[in-house]
Amino acid sequence: MKWSKYNYILNCKHGVFVYNSTTNSFLKISLPLLDTFKNMKEGNIKIDELDEDIKKILITHNILVSNDFDDKYLTKLKYTHSRSAFANSQLSLTIATTTNCNFRCPYCYEAGISHTKMDEETETAIIDYINSIKPRTLDITWYGGEPLMNFKTIERLTDKINELSYIENLKYDIITNGSLLTEKVRSYFVGKKLKNVQITIDGLEENHNRTRITKNGKSSYHIILNNLDKALEILPDCHFSVRVNIGLNNRDDYPLLYHKLRERYEAKTNFSIYFSFVEDYSMCGGASCLNSKDRIDFLRYLQNEHHIAEEVYPRRQQCLCIANTINNFVIAPNGDLYKCWNEIGRKDYIVGNIKNKKIITNYDLICDYSINYNKFNDPKCLECFLLPVCVGGCPSNRNSNLTRNTNLEICPYNFEHIDLALELMYERVLATTKKYLLKHAIQS
């Protein structure tokens, strides 16, 4: 047996731990045992010399593994990735009904893109393409710009798609700023299999109205909340999530908004709120992106000061970006096809057009996204102890760095601060365990 390459020794304020990413577990160890592990890693102590009880615990948590375990585990990860990437029973289409928007947010990655609106010729081509695939499962995400600025396209496509009898599982999602979620729109979606609506609110009223800026200068905070109030009532089977884009300027608002909205919608089981850090796509501008240390500090602040237990990384996850999967496309209003939401409107990222007979015209880029732009083709990732719990970074950023000589961030974990991230994860485990034990103690 051997010491797994997916182990990491963490020395923090809570003690000394061995963390293993294949089991996502922490084992607290004594300083003498730490010296033993170090000697074992360096080959100075044989594994057979370990106490049998300790050895059993280490084996249970994959800290000690068979000599071929790491290689076999990597092969299984690759297989799972490939199986998901090339599954063809499901079709997922992100349809940008328009690239126009009634907001002008400073961190928008679509800044500078010309405004176009989907026409009925493109809509017909989308239906023809779906008919050519005949998927059993179809997921549609309405996207923009602001997709509700071209509500006619949503109506026409929804009515036509709902008539396709071969689809066994059909659902619609929409990503909207919420300002146009009017009574007419809400009423239309009743019974239309709309499952998820994502609405962005960037903090309390003052900060929100500063970053979610309408083009006509109108404040949007109360308009969005009033629309959300009514949508939650009329669409009880649809889940509404409020996303808060976090930067330096509004991070202090999040816990206040979180508790405010949780209280406002306390009786609604179809409501949730979460945040996402504003990412730097070389256009962060006035949004003031948080660095790795700032992000960890913010997560700890939420957990310790406001009892908001957001998901902490690292975490076990093998989900794929839509860019890596073969049956996922982003469709621009003119019918151009992309593999990533962030690339819409950028000509050198086009992989085809829904109105072309061939559909796909750039197989090189399709193949790169499906096969090359992932963690299994990155030597740094293959040697990283966090490989089992990491999605591998942004495929679009990989594309840009390799083909356009950019220097966009790939690695989700800044190793300068990895000890802080693991320490926070351990604290999250402690908090969850204490909450579980308290709940069961009360029940018993």
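Thresholds applied
- Residues numbered from 1 in each chain as written.
- Predicted model: local features only at pLDDT ≥ 70, side-chain atom pairs only at ≥ 80, totals over all residues.
- Heavy atoms only, no water.
- Helix = DSSP H or I, 4+ residues; strand = E, 2+ residues; numbered from the N terminus.
- Contact = heavy atoms within 4.5 Å.
- Phe/Tyr/Trp six-rings, centres within 6.5 Å; stacked < 30°, edge-to-face > 60°.
- Buried < 20%, exposed > 50% of the residue type's maximum accessible area, 1.4 Å probe, protein only.
- Expected span 1.5 Å × (residues − 1).
- Axes fitted to C-alpha atoms, helices over the stretch in contact; angles between N-to-C directions.
- Parallel < 35°, antiparallel > 145°, perpendicular 65-115°, else oblique.
- Left-handed = near helix turned anticlockwise from the far one by under 90°.
- Nonpolar A, V, L, I, M, F, W, Y, C, P; charged D, E, K, R; others polar.

We now examine the environment of Ser-276. Residue position: Ser-276 is located in strand β11 (residues 271–277). For the pair Ser-276 and Asn-11, spaced 265 residues apart in sequence, the C-alpha to C-alpha distance is 29 Å. Once you skip the residues sitting within four places of it in the chain, Ser-276 turns out to touch Arg-243, Val-244, Asn-245 and Ile-246.

Once that is clear, we can look at the packing of aromatic side chains. The geometry of two aromatic rings is summed up by the distance between their centres and the angle between their planes. Throughout the structure, instances matching the rule amount to 24 aromatic pairs. Relative to Phe-37, the ring of Trp-3 has its centre 5.3 Å away and its plane inclined at 55°; by these criteria the two rings are tilted. Taken together, the residues span a long stretch of sequence, with Trp-3 in strand β1 (residues 2–3) and Phe-37 in helix α1 (residues 31–41) at a distance of 34 residues. As far as burial versus exposure is concerned, Trp-3 and Phe-37 are alike and both buried. Seen from their ring centres, Phe-17 and Tyr-426 are 4.4 Å apart, and the 50° between their planes marks the pair as tilted.

Attention now goes to helix α9 (residues 253–264). A rise of 1.5 Å per residue sets the reference length of α9, with its 12 residues, at 16 Å; its end C-alpha atoms lie 16 Å apart and thus fit the reference within 8%. Along α9, the residues classified as buried are Asp-253, Tyr-254, Pro-255, Leu-257, Tyr-258 and Leu-261. Among the structural elements, α7 (205–211), α8 (221–234), β10 (239–246), β11 and α10 (292–306) are those in contact with the buried residues of α9.

The N-to-C vectors of helix α4 (residues 120–133) and helix α5 (residues 151–161) enclose an angle of 25°; their axes lie 11 Å apart at closest approach. Regarding the angle of α4 to α5, the classification is roughly parallel. Viewed along their axes, α4 and α5 form a crossing whose handedness is right-handed. Residues Glu-120, Glu-123, Thr-124, Ile-126, Ile-127 and Ile-130 of α4 lie in contact with α5, whose contacting residues are Thr-153, Arg-156, Leu-157, Lys-160 and Ile-161. Classifying every residue of the contact of α4 with α5 gives five nonpolar, two polar and four charged.

Our focus in this paragraph is the packing of α9 against α10. Direction vectors running N to C along α9 and α10 enclose 45°, while the axes themselves pass 10 Å from each other. In terms of orientation, α9 lies oblique with respect to α10. Crossing angle aside, the handedness with which α9 passes α10 is right-handed. Here α9 contributes Tyr-254, Pro-255 and His-259 to the contact with α10, which in turn contributes Phe-298, Tyr-301, Leu-302 and His-306. Of the residues that constitute the contact of α9 with α10, the class distribution is five nonpolar, two polar and no charged.

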